[in-house]
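Residues per chain are reported as follows:
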Amino acid sequence: MRLGVMTSGGDAQGMNAAVRAVVRTALARGIRPYAIREGYSGMVAGGEMIRAMTWESVGGIMHQGGTVIGTARCQEFRTREGRRQAAKNLIVHGIDNLVIIGGDGSLTGANIFRQEWPELLEELARGGEIEAGAAQRHPALTIAGLVGSIDNDMHGTDMTIGADTALHRITEAVDAIASTAASHQRTFVVEVMGRNCGYLALMGALSAGADWVLIPENPPNLDNWEERMCQVLRAGRQAGRRDSIVIVAEGAIDRQGRPITSQYVRQVLEEGLEEEVRLTILGHVQRGGTPSAFDRNLSTLLGHAAVEAIASGEIHGEAVLIGLRGNRVTRAPLMACVERTHAVNQAIQNRDFEAALRLRGDNFADSFRIFRTHARALPHPPAAGQQRFRLAVMHSGGPAAGMNTAVRTAVRIGLDQGHELIGVRNGFIGLARGDFREMDWMSVNGWAHTGGAELGTNRTLPAESDLYHIARNIEEHRIDGLLLIGGWAAYQGAYRLYSQRHIFPAFNLPIICLPATIDNDLPGSDLSIGADTALNNIVQAVGKIKQSAVASQRCFVVEVMGRDCGYLALMSGLATGAERVYLPEEGVTLDDLRDDLNNLIAGFQNGKRLGLMIRNENVNPFYTTAFMAALFEEEGRDLFDVRQAILGHLQQGGDPSPFDRIQAARLAARCVDFLIAEAGKDEPDSAFIGIQGGKIVFTPLEDWPRLIEKEKQRPKQQWWLDLRPVAKTLAAAGGP
Ligand code: ADP
């Protein structure tokens, strides 16, 4: 079996990781992989442009932006003659399976090619351009499509390859702009990419805490939206805000379908606010830079799954799209996905914006709703007939990036609905001591993008003797609901209060826990806030560590956090191409270490230059990172040397990633809704919120003991353990 892998259309960060996964999985499955360079141009040109790939030829490319095998747009492939030529070139190499990484254009082209394949081959055989036997040996062309597009504009996958990294670039840029804007009390208009799709603009606005956003799917539904926008920005200033930021998607339109240019928005603001307004068009910066941890892993998983699908024979002669939905790799008929994607564009053109928003899916619409609430949020009196509640918000557990973002959303959304918000400082210690403070709209200003935890957090659990004080404080401060944003300690503490309701009536209030820990070790949610940032921190640090070894034959043993959960170790291992990850779920024995050592020796004897092992901090109390490094160093003798790197607290710090900010905002908004709905009830519910399969779900707090391994402090079910075989396959012959 042979397959060709190609990148096509606009480049996107993460394409290299996909190519690497395709090539290595193919080799592991006994399939011969070929790279087709420069997209369809290379397929039409043939010759040198189609090259057999080896394990090493995709080494050291995962961290690079763009695509090392080149991409292009190709007019010839749009013609039948061009495709006939392409078919001939594939047959020369015996290739009848293609993995294509590109946008909807590239994937549509691939499907046309597949449909024509039998007749193209027949024609080529008739003309004597290929031998008759070849046509019979390759009766069908199989296509596995991966969507590479920074716009996240494709149906059939929650995320496209490159979108998360583009969001990183946008968020970094807007953060930087916001700080200069705040210094001068200035207004900025920022234009981001997205001709038909407002994903980058909307998520960028949500994650950067912008004031207004204009996207193609949902044009402002007022005739005088310009006036309304100026009003909102003015109100923000009056409330104390120093910077104002408006994000415009390049394809933004009004209700009549006329373009709203960023230049026009600038002009409107300048006239309306009577101040100088600056415009920044981000342009190709958004396509640049090293791929995010998420894009590396997404690409790796999809590339691996594409080859598995081909190898299984289950998609023989078909065109399927390999996508990711709610953390699961999925297959769907390619053309159905393309058609659904075009339906959104069509709806926009027909000015059926309701349909456009609906077709984009629940998450998109949900994020839009939250953004709008944020943009409008100002202290409001409660609606007529609505009771005014006092809601407390606090942290517990280790610090996680995104904690502040969650508090900001909770406070502003709560205040917007007329409630009072109380911040509890320093976790359960503050709750017991009565370290409470009233939060106002400006007290969370700038918190969307700051790392750490402004309210303070620690792992201290409420002791038996604290419970009485906590109960009194809840009563004295007339707290009607409690939002706990944090990790294991938050959940455990919440459960303790909940289970003492019969003794302390004060605890009979709704409690909601929001998962925020870098360890990702909580039940009820596939992911916790902070884990994505930590993963990016690790990936960046490992990148630097690897670079430091340029001139030597060296192996690194890198220790990452996670306590008794191997999530960070496995996912950072996948994203950095580690050859071995040590997980607390599996532990490590002396025999394991002996095997690993032998693999290292064999690898370095075969010319390997760099080794990378990632070890979770709690894998084994005796076989420490230092011990393992010393063992490998001693036994590696002159062949290679070994260094250890314990990454430590850099993993918990840093500004939250766009993903962590967006999820923190979404979850916090829903937590406030939950508390308002439950507060004042005789028997209020308590729960923990989470994201499962891409959807927001609530799990009753009383289920806590049933869902956890108590001693190990991790959930009984961990979805990501299923990804271990992928990591093993890609590491099999060693070498990142
Ligand atoms: P993207 O894949 O990013 O959407 P394009 O739409 O520019 O980018 O498509 C990339 C390439 O895919 C084109 O240059 C062309 O070679 C091929 N292609 C696109 N659409 C078709 C089509 N309808 N028929 C044949 N080839 C196509």
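Conventions used here
Residues numbered from 1 in each chain as written. Predicted model: local features only at pLDDT ≥ 70, side-chain atom pairs only at ≥ 80, totals over all residues. Heavy atoms only, no water. Phe/Tyr/Trp six-rings, centres within 6.5 Å; stacked < 30°, edge-to-face > 60°. Helix = DSSP H or I, 4+ residues; strand = E, 2+ residues; numbered from the N terminus. Buried < 20%, exposed > 50% of the residue type's maximum accessible area, 1.4 Å probe, protein only. Pairing = 2+ DSSP bridges. Axes fitted to C-alpha atoms, helices over the stretch in contact; angles between N-to-C directions. Contact = heavy atoms within 4.5 Å. Salt bridge = Lys/Arg side-chain N within 4 Å of Asp/Glu carboxyl O. Near = heavy atom within 4 Å. Polar contact = N/O pair within 3.5 Å; in protein donor to acceptor, adjacent residues only side chain to side chain. Domains from an automatic or database assignment. Buried area = accessible area lost by both parts, 1.4 Å probe. Core = buried A, V, L, I, M, F, W, Y, C linked by side-chain atoms within 4.5 Å.

On to the packing of aromatic side chains, then. Counted by the stated rule, this structure contains 15 aromatic pairs. Between Phe77 and Phe113 the ring centres are 5.3 Å apart and the planes differ by 70°, which places this aromatic pair in the edge-to-face class. Separated by 36 residues along the polypeptide, Phe77 in the loop between β3 (50–52) and α3 (80–92) and Phe113 in helix α4 (residues 104–126) bring together distant segments of the chain. The burial state of Phe77 is the same as that of Phe113; both residues are buried. Here the aromatic rings of Phe504 and Phe507 are separated by 5.2 Å at their centres, their planes lie at 45°, and the arrangement is tilted. Considered together, Phe504 and Phe507 belong to a single accessibility category, that of buried residues.

This part takes up the sheet that holds strand β15 (residues 481–486). With respect to topology, 7 strands assemble into an open sheet ordered β14-β13-β12-β15-β16-β21-β22, the strand pairing being mixed. The two strands at the open ends of the sheet, each matched to only one other strand, are β14 (436–439) and β22 (695–700). In this sheet, neighbouring strand axes are inclined to one another by 30° on average, regardless of whether the strands run parallel or antiparallel. Relative to strand β13 (residues 420–424), strand β12 (residues 390–396) runs parallel, the two sharing 4 bridges. Bridge pairing links Leu391 to Leu421 in β13. Contacting β12, β15, β16 (511–515), β21 (687–692) and β22, helix α22 (residues 658–678) runs over the sheet at an angle of about 175° to β16.

For the rest of this paragraph, the subject is the sheet that holds strand β2 (residues 32–36). Strand order in the open sheet formed by 7 strands is β3-β2-β1-β4-β5-β10-β11, and the pairing between neighbours is mixed. Both edges of this open sheet fall to β3 and β11 (328–333), since each of them pairs with a single strand only. When strand polarity is set aside, the average angle formed by the axes of neighbouring strands in this sheet is 25°. Two elements, strand β10 (residues 319–325) and β11, share 6 bridges in a ladder whose sense is antiparallel. Its bridge partner being in β11, Val320 is matched across the sheet by Pro333. Of the strands in this sheet, β10 and β11 touch helix α11 (residues 334–349), which is tilted by about 90° from β11.

Attention now moves to the pattern of salt bridges. What the rule picks out here adds up to 38 salt bridges. Linking Arg666 and Asp366 is a salt bridge whose minimum nitrogen-to-oxygen distance equals 3.1 Å. Within this pair, whereas Arg666 is found in helix α22, its partner Asp366 is found in helix α13 (residues 362–376), the two being separated by 300 residues in sequence. For Arg666, a relative accessible area of 4% gives the class buried. For Asp366, a relative accessible area of 12% puts it in the buried group. A single network of salt bridges, built from pairs that share partners, joins Glu81, Arg84, Lys88 and Glu129.

Turning next to the site of the ligand. Around the ligand, 15 residues are found, and the nearest of them are Arg73, Cys74, Gly103, Gly105 and Ser106. One nitrogen or oxygen atom from the side chain of Arg73 is found 2.5 Å from an oxygen atom belonging to the ligand. Tallying contributions element by element places α4 first for the shell around the ligand, with 5 residues.

When its domains are assigned, the protein resolves into domain 1 (2–161 + 291–326), domain 2 (163–287), domain 3 (390–529 + 660–711) and domain 4 (537–654). Relative to domain 4, the C-alpha centre of domain 1 lies at a distance of 33 Å. Carbon and sulfur atoms make up 61% of the surface buried where domain 1 meets domain 4, a total of about 540 Å² over both sides. The largest per-residue losses of area from domain 1 upon contact with domain 4 belong to Met62, Arg296 and Asn297, which jointly make up 62% of the total buried on that side.

Okay, the nonpolar core next. Membership of the largest hydrophobic core comes to 146 residues, with the highest contact counts inside it found for Ile247, Leu514 and Tyr567. If one sorts the elements of this core by residue count, α22 sits on top with 10 residues. Residue contacts for Ile247: discarding those within four places in its chain leaves Val174, Val190, Val192, Ala201, Gly204, Ala205, Ala210, Trp212, Val213 and Leu214. Residues Leu120, Val147, Leu334 and Val338 belong to the second largest nonpolar core, which totals 35 residues.

Attention now moves to the pairing of strand β17 (residues 554–560). Among the 7 residues of β17, 7 are classified as buried, and the element is accordingly described as predominantly covered. Residues Arg554, Phe556, Val558 and Val560 line one face of β17 and the alternating positions Cys555, Val557 and Glu559 line the opposite face, and both faces are buried. Relative to strand β19 (residues 610–616), β17 is paired through 7 bridges, and the arrangement is parallel. Across the sheet, the residue bridging to Val558 is Ile614, located in β19. As paired strands, β17 and strand β20 (residues 641–646) are joined by 6 bridges and run parallel to one another. If you follow Val557 over to β20, its bridge partner there is Gln644.

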